[in-house]
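Observations on the three-dimensional arrangement
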Amino acid sequence: MKENIIHFLRVAFPFLLTVGLWRLSGPFWNPAGVLAIIPIFICSFVRPTNWFLLFSMIMCVCLDYNFETVCFWLAMYCLFYAINSFQTYIDITRMDNHGLFAFMVFFGVAIFIQTVSNFSFMNILRGAWMFVWGCALYIPIAKLIKRVGDDR
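An account of the accompanying structure is given in this report. Because the structure is a prediction, the values reported are computed rather than measured. (Residues numbered from 1 in each chain as written. Predicted model: local features only at pLDDT ≥ 70, side-chain atom pairs only at ≥ 80, totals over all residues. Heavy atoms only, no water.)

This brings us to the overall build of the protein. Within the protein one finds six helices and zero strands. Secondary structure elements of the protein, listed N to C terminal, follow the sequence α-α-α-α-α-α. By the compact-globule yardstick of 15 Å for 152 residues, the protein fits well, its C-alpha radius of gyration being 16 Å. Here the C-alpha coordinates of the protein stretch approximately 55 × 35 × 25 Å along the principal axes. Counting only contacts in the protein whose residues sit at least 6 apart along the sequence, the fraction spanning at least 24 positions is 69%. As displayed, the protein offers around 9,400 Å² of accessible surface, 70% of which is attributable to carbon and sulfur atoms. Side-chain charges in the protein split into 10 positive and 7 negative, and the spacing between the mean points of these groups amounts to 7 Å. (Helix = DSSP H or I, 4+ residues; strand = E, 2+ residues; numbered from the N terminus. Rg over C-alpha atoms; globule rule 2.2 N^0.38 Å. Contact = heavy atoms within 4.5 Å. Areas by Shrake-Rupley, 256 points an atom, 1.4 Å probe, with all protein chains shown as cover. Lys, Arg positive; Asp, Glu negative; His and termini not counted. Charge placed at Lys NZ, Arg CZ, Asp CG, Glu CD.)

Dropping the structure here:
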């Protein structure tokens, strides 16, 4: 019985972490819950998780709701998913640092598009902060997901 509960929590952890990061939104540390994109990226591209594709699309819609955008994060996710599906040279699952550079491209392009769409000095600073903060938290979250997900 105890092993079943532990196994369930290991399987459910990425889903719960994503919802938790989305709900813990704050204006400075996690604007509109954008840090939820980290487990979405990890569990979709770096460590593909069963049933996470549908869940991540729903969470991208939730991010769009918080950001008050119309399908922006969903479109970015689907575009990157399509590009990743057609790739032949780059394998994100085998990249160094849990795919940090692929995440930086994905997240950087998304933040750049949002910054340019409403161009102001404060938005440039906010976009730079979100990019640096998201990339700084990527490795600890990736290691946490890997450690919790490993069966011992």
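That covers the picture; the talk isn't over yet.
Once that is clear, we can look at the side chain of Q114. If you trace the backbone, Q114 turns up in helix α5 (residues 100-117). For Q114, the contacting residues outside a window of four places in its chain are F67, T69, F72, W73 and M130.

Glancing now at helix α3 (residues 52-67). The terminal C-alpha atoms of α3 lie 22 Å apart, and with 16 residues this matches the ideal 22 Å at 1.5 Å per residue to within 8%. Along α3, the residues that are buried comprise F52, F55, S56, M59, C60, L63, D64 and F67. Positive phi appears at E68, one or two residues downstream of α3, with a value of about 60 degrees. (Expected span 1.5 Å × (residues − 1). Buried < 20%, exposed > 50% of the residue type's maximum accessible area, 1.4 Å probe, protein only.)

With that settled, the discussion passes to the packing of aromatic side chains. Following the criterion strictly, the structure yields 24 aromatic pairs and no others. Considering the side-chain rings of W29 and W129, the 5.9 Å spacing of their centres and the 70 degrees angle between planes classify their relative orientation as edge-to-face. Pair noted here: W29 is in the loop between α1 (2-23) and α2 (37-46) and W129 is in helix α6 (residues 121-149), with a separation of 100 residues, a long-range link. Assessed through its relative accessible area of 27%, W129 is described here as partly exposed. Between F80 and F106, the aromatic rings sit 5.3 Å apart at their centres with planes inclined by 55 degrees, giving tilted as the arrangement. Placement of F80 in helix α4 (residues 72-86) and of F106 in helix α5 is noted, with a sequence separation of 26 residues between them. (Phe/Tyr/Trp six-rings, centres within 6.5 Å; stacked < 30°, edge-to-face > 60°.)

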